[in-house]
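# Notes for the structure review
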Amino acid sequence: MTTLREYLDSAGCEPALSDLIVLISAQAAPIRDAFISNQSYAGTENSSGEEQAALDVWSDEHITKILEDSGLVKELASEEKPDILKFPGATENYAVVMDPLDGSSLIQVNLCVGTIVGIYDNGDALSKGEDLRAAMYMLYGPMTVLTITVGKGVFTFAMDETGEYRMLDGPVKMPEGKIYGSGGLNKDWTEKHRNFIESIEKEGGKLRYSGSFVADFHQILKYGGVYCYPATIDNNTGKLRLAFEANPIGFIAKQAGGAISDGHTSLLEIKPEKPHHKTPIYVGSSGLIKRLEEIYRE
Ligand code: AHM
Ligand code: MG
């Protein structure tokens, strides 16, 4: 089975990019090893005002050090840091955006969580999603699965017992499907969001929502449907962040034939105003995203 490195070579990635992707994806092993000893909350909040889990902090510090030491990364924006970090000693021009541990409220109940990463080759962590050079996430489930795009389709890899990633599937095409999940309390949904969800339910939509964006998106990538974290009547920005969460996942969705939107426009076309820029998110099968935008236009 094709290894990650073999795939990246065959996809024409420059050696420094391959090195960076292999380095980041290898951190799944130490992150998994850190689960047992990092089960508590850290007693601190991130810049979005969310309580940090010990594993959020551990994963952030761990990946940050690995990236700084690599000399490959000029800028790093992390969900767990208020500001962009700059590494002036870097010899390459990559900028990394990351959510080091997504789905942290599920750590203590042992449900699937993941790490989301986007890589720009322009040295600017506040770029539009459409300018990503690569995007990936590691999903810590029964298997450790890496989903990656370098702009040539989407491929999945599973980590074997030696720590090597071997290709599972690809190029992955997201089908039209009927799985849906939505964040936000039902009582706070807007009329347009409610109309959209009802339209899916009317045609036999199946609700699946775990509270982990990576895990919830991964099944939509495979089976089709839509993941939503909408604006609500009391919060017009939604919960998730454009740079760390929406853009890498949206880039993967688009490469698989899907789409991402805030209800009006593709999120990949929006330049983040600041690292923690929040946005409503709808990501999934392109037919459903088209319908969503029609409902929002009505
Ligand atoms: P996190 O990055 O701090 O874990 O927050 C993001 C998570 C997503 O993974 C998930 O889809 C969402 O927050 C769940 O939020 P809620 O519990 O409000 O449904
Ligand atoms: Mg997150």
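Not measured: the values here are computed from a predicted model. (Residues numbered from 1 in each chain as written. Chains lettered and ligands numbered in written order. Predicted model: local features only at pLDDT ≥ 70, side-chain atom pairs only at ≥ 80, totals over all residues. Heavy atoms only, no water.)

## Some details on the site of ligand 1
We apply this condition: A molecule or strand has a residue near it when one of that residue's heavy atoms lies within 4 Å. N or O atoms closer than or at 3.5 Å make up a polar contact, with two conditions inside protein: a donor-capable atom paired with an acceptor-capable one, and, for residues adjacent in sequence, both atoms drawn from side chains. For accessible areas, the Shrake-Rupley method is used with a probe of radius 1.4 Å. Any residue's cover is judged against the shown protein chains and nothing else. The helix count covers DSSP runs of H or I at least four residues long, the strand count covers runs of E at least two residues long, and both are numbered beginning at the N terminus. Residues are sorted three ways: Asp, Glu, Lys and Arg are charged, Ala, Val, Leu, Ile, Met, Phe, Trp, Tyr, Cys and Pro are nonpolar, and all the rest, Gly among them, are polar. Domain start and stop positions are those given by an automatic or database domain assignment.
Lining the immediate surroundings of ligand 1 are 16 residues, of which Gly103, Tyr209, Phe213, Tyr227 and Tyr229 lie closest. Separating an oxygen atom of ligand 1 from a backbone N or O atom of Gly103 is a distance of 2.7 Å. Across the complex, the protein chains shield 82% of the 470 Å² of accessible surface that ligand 1 would expose by itself. Elements that contribute at least two residues to the shell around ligand 1 include exactly β5 (94-102) and β13 (225-229). Partitioning the shell around ligand 1 into residue classes produces 5 nonpolar, 4 polar and 7 charged. There are two domains that each give the shell around ligand 1 at least three residues, and those are domain 1 (4-171) and domain 2 (179-297).

## Looking at the UniProt feature "domain: Fructose-1-6-bisphosphatase class 1 C-terminal" (unreviewed entry) in the protein
What counts, and what does not: UniProt positions are given in the numbering used here, feature names are shortened, and annotations may be inferred rather than shown by experiment.
Here, the residues flagged by UniProt with the feature "domain: Fructose-1-6-bisphosphatase class 1 C-terminal" (unreviewed entry) are residues 176-296. Between the first and last C-alpha atoms of residues 176-296 the distance is 20 Å; the span itself is 40% helix and 15% strand.

## Structural notes on the UniProt feature "binding site: Mg(2+) 1" (unreviewed entry) in the protein
Applicable threshold: Two residues qualify as a contact provided that any one of their heavy atoms is within 4.5 Å of a heavy atom in the partner residue.
Those places that UniProt annotates as "binding site: Mg(2+) 1" (unreviewed entry) correspond, in this numbering, to Glu79, Asp99 and Leu101. Considering the C-alpha atoms alone, the annotated residues occupy 23 residues of sequence yet fold into one spot, their largest mutual distance being 8.9 Å. Here Asp99 shows up in strand β5. Setting aside residues no more than four positions away along its own chain, Asp99 makes contact with Glu79, Glu80, Gly114, Thr115, Ile116, Phe244 and Glu245. Looking at the element boundaries, Leu101 is found in strand β5.

## As for unusual backbone geometry
In this structure, Pro171 follows Gly170 across a cis peptide bond, with omega equal to -5°. In this fold, Pro171 is placed in the loop between β10 (165-169) and β11 (179-182).

## Topic: helix α6 (residues 213-223)
We count it as follows: Only protein chains enter the accessibility calculation, which uses a 1.4 Å probe; a residue whose area is less than 20% of its type maximum is buried, one above 50% is exposed, and one in between is partly exposed.
The element α6 is largely enclosed, with a buried count of 9 among its 11 residues. All of the buried residues in α6 are Phe213, Val214, Ala215, Asp216, Phe217, His218, Gln219, Ile220 and Leu221. Of the residues flanking the end of α6, it is Gly224, one or two places downstream, whose phi is positive at about 85°.

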